[in-house]
Each structure stands twice: as C-alpha cells, then as structure tokens.
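# Examining the three-dimensional arrangement
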Amino acid sequence: MADTNISPDERNVKLLAKLQERGIDVGACYQCGRCSAGCPIGDHFDLSVMEVVRLAAYGQEERLVKSHAIWLCAACETCATRCPNDIEIAALMDVLRELALRKEIAPAEPRVPLFHHSFLGSIRRWGRVYEIGMIGSYKMKSGDLTGDMRLGLKMFMKKKLKLRPHAIADKTQIREIFSGKGKEYDR
Amino acid sequence: MKLSYYPGCSLHGTALDYDQSVQRVCRQVGVELVEIPDWNCCGASSAHMTDHEIGMRLPMRNLVIAQELGNDILVPCAACFQRLKAADIELRRRPEYWDVKSYSPEMKIIHIATFLAQEQILGRIGASTKRALGGLPVACYYGCLSLRNPKITGAEKWEMPENLEKVSAALGARPVRWSHRTECCSGSLTMARPDIAEKLVGDIVAAARRGGASAMVTDCPMCQANVESRQDPAGEEEAIPVFYITELIEAAFNGDYSRRQQGQHLVTASVLADLFAGDSLHKED
Ligand code: SF4
Ligand code: SF4
C-alpha cells in the first residue's frame, strides 16, 4: 500500500526500502491483531507481533533488533498465513534477525542465535547436519552444559544419535554458498 | 511409479526409523524411490531465519540436482518440504538471479501425507492391510510447516487439514476431533528455550488427551521428537506416544508392532502391541 502515509520524525528509510524489495508490505497493516492472537509464543514476547509490524512501518529498526520477540519467534508462519492484508510477517522476522546479526547487536536471547550458528556450522562443514557435533558445539558456545542431559543420554542409549558424520561429496558448492555467493550484490 | 526421494538430515539421524518405514511402505505399495544423489541439508529454519541467501541457496542445490532426474520429489519431513517449496517458487521466478541457467521442470514437490492420502495409494494401503487398527483413538497432529504458509506449501486445507485423518481411518484407526492439530511444537526453539517448548507441548498433549486419544500420529520428524521429548518428565506413566504415519501403516500391514520398534520411542509406546494382543485374545475365546 504505497499511499499509506506513516511518517514519524525519525525513521530508517533503508529498512523500509529493504522490506519493500522483499515484498513485505508493512504499511498495509491496520492493527487488527490477528497475527498477535494466533502467535503460539506471543505470551513470551516483549513486543507483540502487531507491534513489531507497526514499529517496522515506522522504520524504528533499533527497538526491533534489540527485542526478544525476533529471537523467540519460531517461524511457524501462523501470523503471515492469517493476516488479512497478506503481510509477510514471518519474512519480516527473518529480515530483522539477519539485520541484528549483521550489525552485531547483542541478542536479547543469546542462546537462540548460538543454536542457529552451531546448526549452520555443521552444514558448512559436512553439507548435512551432524547432530552430536551440532549439539556439542551449541553446548560449548552457550555454556549450557547440563541442560537436557537426561534426554541426550536417553537418545544416545536408544542409538538415535549417529556417531559419525556423513560428508557430502561436492563440498565446493556448499563452501561457495557459505562464503557469501550472491551477497556481493546485496546491500 | 517412480519418485525422487529427499530424506533430509533428521531422517538420517534421530528419525532414522521414520526413513526406514517410509521406504518399506513405499516398496509395499509399489512406488520406487530414487534418493537424490549427494543431497545436502535444506538449511531448516536456522538458515532462512538468519541468512536469506544461504536459506535459499541450500535447498536450491538439491532442486537443481533433482531437475536432472525429472521425477516428482517425495519429502517426508515437513521442514524440508517447506524449504524446498520456497526455493522452488523463487527459482522458477528468476533462475538467473540465483545463478541457474534455466529452471522450469515439470516435477512437483510432494509431502508424505499428501502422497499417502491420494485415492490410488489409499486403495493400495487398504489392500495390503493385514490387521485393521480396531478403532484405536488417534490424534492426528500436523504442526506448522507442511501447511504454512499455504502460499508456499500449496496446502489446500491449512486450518482444517484431513490427509492424516484419511490415512488413519483407512487403517481402521479412529481419528479423534481435537483442537491443536496445527499448533506449533516450538520447532528449533526447543534447544535454546526448553521451558517454552515444554509449555507448548504440554498444551498440545493435554488437548490430545481431552480429545480422547491414546496415541498421536504425525508426518513431521521435528514434531515427533519435540512432543515425545518435551512431555512432562515426571508424568512418564501417562505419556502419549507419537507415531509416524508410516509406522501406523506398517503396523497394520504386519499386524505387529515389535518391541524393537517400541524401543525407538522416548516414551512408552506399547498401545499398538497391546491392541494386537487384545485382538488375538479375543479371537481365541
Ligand atoms: S494480522 Fe496483519 S493487518 Fe492485522 S495486525 Fe497483524 S500485521 Fe496488521
Ligand atoms: S511466525 Fe513467529 S511471530 Fe509469527 S506466529 Fe509464528 S512464532 Fe509468532
């Protein structure tokens, strides 16, 4: 909705341009609250989903990248599926997380990006996820050494955790992807 | 019928038993699976949540390989399915942007429940069923990613899906009516915030019990692992097992649910074996 005029004094026009380019029309939001109502994790958010959308429309990037909400979002897509204005809210959360990481903003939920980092580290190395290695790396990084110990042991005893990683053959392509292929054209 | 097969990392790890049951069921109903050679991880939620380019390029590599094989792709994991679908839509839209010369294959990406609920396959499942599941009350649980966002998944009924119910009913089980069929299990948040995962799973399990189910049935390996592992650790006696839909099919094919198979579950999973044992007692008197 290009003609919607939301213009607080200070807004980050770069953020708005980025959202537009990704087809995320935050200006179309009329604050009906459907997204917030259906969010399974909303009870734990500091900003409700509809607040995230409105703040994005205001270009208030700083509040957003520091929020708990962007890290607690599980990408379940309930909000975007039910939004009557077809706003890609889950994709908005993706953009905000990526921005927060690129700007090295201290995450309000530090363990969440550490988990993603460990997960991606495993893919970067093997081309596939190797669970024991990924969990080990997450535990080391997060310092959460004792959490889920009982569960881990149970899975181990049930032979659910593979002892050796499987590396794919063509690791060059994976390396290219992780070294930022395509990013050279991205702002 | 020949399909390309994308198992994904879960099915080669903690959900290995899901992979095996999918393969055996497909063989039984006359569908040949050809694993996509040298497939890589789809990136799951971690990639698209933190890096758009990586989140797209990882699944795209698999699609480019699968394009050569030409067949439709069968995907048992809901997360992989959603990532492959998202990449497929984007790659068709502008292949050159993603450094692919051309991409417009006929091939479709099919999630397992959609595949199984086709009339033809349901018929073959019925024909191979040795022992119907005697009205076992099951709560069919879909979770998020095979359904949402329907713009990506192409799901026709994303709020009131029915594929798992169709398959369960064809096996003689009784799908119960309940409230949390498409609620989120917390996905990958489970590692960093187990407290939230326990809350969400607790609500889901309580709803399944209220519906009268004695087991849950799913088509997502992440839902299966989260719902079994995040149930109240103290109340293990009353824990509700979560079966993969293909496990349920195999049990009906074989009229048996072995101890070995039960051992794959993180909670007591004897309800199918009990059902069959009860049946045979019945027959004897
Ligand atoms: S559902 Fe859509 S229109 Fe309604 S408040 Fe949320 S973002 Fe705005
Ligand atoms: S995608 Fe994130 S914000 Fe949207 S409903 Fe799901 S958890 Fe909430």
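Model, not experiment: these values are computed from the prediction.

### Here we look at helix α11 (residues 171–178) of chain A
- All buried positions along α11 of chain A are accounted for by I174, I177 and F178 of chain A. Down the axis of α11 of chain A, the buried set is contained in an arc of 95°. They therefore lie on one face.
- For α11 of chain A, the elements touching its buried residues are α8 (111–126) of chain A together with α4 (52–69) of chain B.
- Looking one or two places after α11 of chain A, you find G180 of chain A, whose phi comes out positive at around 95°.

### Overview of the sheet that holds strand β5 (residues 137–141) of chain B
Residues and elements named next belong to chain B.
- In space, the 4 strands of this open sheet follow the order β6-β5-β7-β8, with parallel pairing throughout. If you trace the sheet from one side to the other, it starts and ends with β6 (174–175) and β8 (242–244), each paired once.
- Sheet topology places β5 next to strand β7 (residues 215–218); 4 bridges connect them, and they run parallel. Bridging from a neighbouring strand, Y141 pairs with T218 of β7.

### Section: the UniProt feature "domain: Cysteine-rich" (unreviewed entry) in chain B
Residue and element names in this part refer to chain B.
- The positions UniProt marks with the feature "domain: Cysteine-rich" (unreviewed entry) are residues 4–84 and 138–227.
- Structurally, residues 4–84 comprises 60% helix and 11% strand, and the distance from its first C-alpha atom to its last is 13 Å.
- Secondary structure across residues 138–227 comprises 44% helix and 11% strand; the distance between its end C-alpha atoms is 15 Å.

### Concerning the site of ligand 1
Residue and element names in this part refer to chain A.
- Surrounding ligand 1, one finds 14 residues, the nearest of these being C29, C32, G33, C35 and C83.
- Sorting the residues of the shell around ligand 1 by element identifies α2 (34–38) and α3 (49–57) as the ones contributing at least two each.
- Its residues placed into classes, the shell around ligand 1 shows 10 nonpolar, 3 polar and 1 charged.

### A few points about unusual backbone geometry
- Here R148 of chain B and N149 of chain B are connected by a cis peptide whose omega angle stands at -15°.
- With respect to the element layout, N149 of chain B can be found in the loop between β5 and α8 (150–153).
- For D86 of chain A, which is not glycine, the phi dihedral falls at a positive 55°.
- By the element assignment, D86 of chain A lies in the loop between α6 (78–82) and α7 (89–102).
- Classification of D86 of chain A as partly exposed rests on a relative accessible area of 48%.
- Notably, D99 of chain B is not glycine yet its phi reads approximately 60°, a positive angle.

Conventions used here
- Residues numbered from 1 in each chain as written.
- Chains lettered and ligands numbered in written order.
- Predicted model: local features only at pLDDT ≥ 70, side-chain atom pairs only at ≥ 80, totals over all residues.
- Heavy atoms only, no water.
- Buried < 20%, exposed > 50% of the residue type's maximum accessible area, 1.4 Å probe, protein only.
- Helix = DSSP H or I, 4+ residues; strand = E, 2+ residues; numbered from the N terminus.
- Arc of directions from axis to C-beta.
- Contact = heavy atoms within 4.5 Å.
- Pairing = 2+ DSSP bridges.
- UniProt positions renumbered as here; feature names shortened; annotations may be inferred.
- Near = heavy atom within 4 Å.
- Nonpolar A, V, L, I, M, F, W, Y, C, P; charged D, E, K, R; others polar.

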